[in-house]
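Examination of the molecular architecture
Listed here are the chains, written in short residue letters.
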Amino acid sequence: MRLEGSSEIILKQPRINFCIWLQIMMAVSGEHTLAGERMPSCLQKLTRVVLSHKPWALFILIAGFVSFAYTKLYWGVWEDPKSRAPTYGLSAETSCAHYVPSALDIAAGSSPPTGNVFFVETSKQTSPSYLFSCSVESAARTHPTSRVVVLMKGLAKGNTSLPEHWAFSLLSCFPNVEIRPLDLTELFSGTPLALWFSQPQRQQEPHFLPVLSDACRIVLMWKFGGIYLDTDFIVLKNLENLTNALGIQGDNVLNGAFLSFKAKHKFVELCMQDFVQNYNGWVWGHQGPGLLTRVFKKWCSLRTLKSMNCKGVSALAQEVVYPIPWQDWKKLFEAVSALELEKLLKNTYAVHIWNKLSHGTKLEIPSQALLAQLYAQFCPATYAKMKQDSEEVSRRAV
């Protein structure tokens, strides 16, 4: 996918023919050719002029040559900027070939996509964070034959260009990543949530953006199927074998930060119905984890949630996608050995970073912190950018 930045003006340089210039100079110096006479070469002309009895001709020759060389040098600097500079903040020595292993290109190009991996940004934010970039990159690397679709409300519909930002440039290196505008009216059309979304008072509710995100994910699963991930996940393994599944986050609660369902699944249909029938946008999580937990317990006739497969829907154990409980989010910033990391993530497919809690915490790059090691291993392109920026900050501080 090719990303367009702001419009570029390519300046065209004037092409100066040295022989024509020399011909003009010869006329000034008194040298002429007869009409129809075969023109000698530029070198012969140059020799004749230099050896001429008129000394000022040599001065004209030198001055003209200097002017010619200057013009070529000046216009050469401005020639075709697309071939001279990287886009969106990537360093000149960095290329997509460095970021993306050839195996990913081969896998993405040799067979049709096997499914969709969705990310959604319901705010108007168009300056992705390191974590956002890492989430998409890690999903693209672990799902090379899937389309990784990033839907962003802040992108203008019908606009073929993306804002100038390093993350967009970096993610464009991955052939299976698509970044598109999020058209909410179109997304909700034909579902029970269309009427809910059409009511303008909803936007005045205190948790509207999280609720809107909760709505988007279940509609995406209903309409298209595939995998949905929040933009604060780091994906470690391919998730496609976790079908019709969601994860237990702990505390007898399911979380919708990861969802995987086939299109038009009955469980997701019940989630849409519950979203409207039991709507309460004033209670945090009521339309998200609360909704999924309510529906799953009814689906399985349960009082207490547990890891299980019930009527074709799996509630995954906490270690699968939520190995770090939200109460222990600070462990992400604590140092761990390679052995501890391997043991911790043995049965884990993805790690939720709990960005709502962790976003203000400084992460040292490089370091042995758990989160830093996850970046380095599973989104190396984003990690390289983080390291580059960290080194730049250190240089400026000196």
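You'll find the structure just up there.
The notes below deal with the structure included here. Given the structure is predicted, the values throughout are model-derived calculations rather than measurements. Chains are numbered independently. Their residues run from 1 in the order of the written sequence. It should be noted that, the model being predicted, local features are given only for residues of pLDDT at least 70 and side-chain atom pairs only at 80 or more, the latter also being counted only at that level, while totals for whole chains, interfaces and linings use all residues. Water and hydrogen atoms were dropped before computing side-chain values, which therefore reflect all heavy atoms in the structure.

1. Structural notes on the pattern of salt bridges
The following threshold applies: The salt bridge criterion pairs a side-chain nitrogen of Lys or Arg with a carboxyl oxygen of Asp or Glu, the two atoms within 4 Å. To qualify as a helix, a DSSP run of H or I must reach at least 4 residues; to qualify as a strand, a run of E must reach at least 2; elements of each kind are numbered from the N terminus. Only protein chains enter the calculation, and the probe is 1.4 Å; a residue is then buried if its accessible area is under 20% of its type maximum, exposed if over 50%, and partly exposed in between.
Going through the model one piece at a time under the given rule, you end up with 14 salt bridges. One salt bridge connects arginine 147 with glutamate 178, and the closest N-O pair in it is separated by 3.7 Å. Note that arginine 147 is positioned in strand 2 (residues 147-152) and glutamate 178 in strand 3 (residues 177-181), a separation of 31 residues in sequence. In this structure arginine 147 comes out as partly exposed when scored by relative accessible area, which is 27%. One salt bridge in this structure joins aspartate 274 and arginine 294, with 2.6 Å as the shortest N-O distance. In this pair, aspartate 274 sits in helix 11 (residues 266-277) while arginine 294 sits in helix 12 (residues 289-300), placing the two residues 20 residues apart along the sequence. Bridged by salt links that share partners, the residues Arg147, Glu178 and Arg180 form one connected network.

2. Concerning helix 11
Selection rule: Between the first and last residue of a helix there are one fewer steps than residues, each counted as 1.5 Å, and that sum is the expected span. An arc is given here, and it is the one of the directions from the helix axis to the C-beta atoms. Contacts are assigned to residue pairs that have any heavy atoms within 4.5 Å of one another.
Between the first and last C-alpha of helix 11 there are 16 Å, a value that for twelve residues agrees with the 16 Å anticipated at 1.5 Å per step. Buried within helix 11 are the following residues: Phe267, Val268, Cys271, Met272, Asp274 and Phe275. One side of helix 11 holds all its buried residues, which, seen down the axis, span an arc of 165°. In this structure, the buried side of helix 11 is in contact with helix 9 (193-197), helix 10 (208-223), strand 7 (253-261), helix 12 and strand 9 (313-316).

3. Description of the nonpolar core
What counts here: Working definition of a nonpolar core: buried Ala, Val, Leu, Ile, Met, Phe, Trp, Tyr and Cys residues. They are joined through side-chain atoms within 4.5 Å.
By size, the foremost hydrophobic cluster in this structure holds 64 residues, and its most contacted members are Ile179, Leu229, Ile234, Phe258, Leu363, Leu374 and Tyr375. Contact partners of isoleucine 234, with chain neighbours within four places excluded, come to Leu131, Cys134, Ser138, Ala350, Val351, Ile353, Leu371, Leu374 and Phe378. The next biggest cluster of nonpolar side chains, apart from the first, holds 43 residues, and it includes Leu182, Trp222, Leu292 and Cys310.

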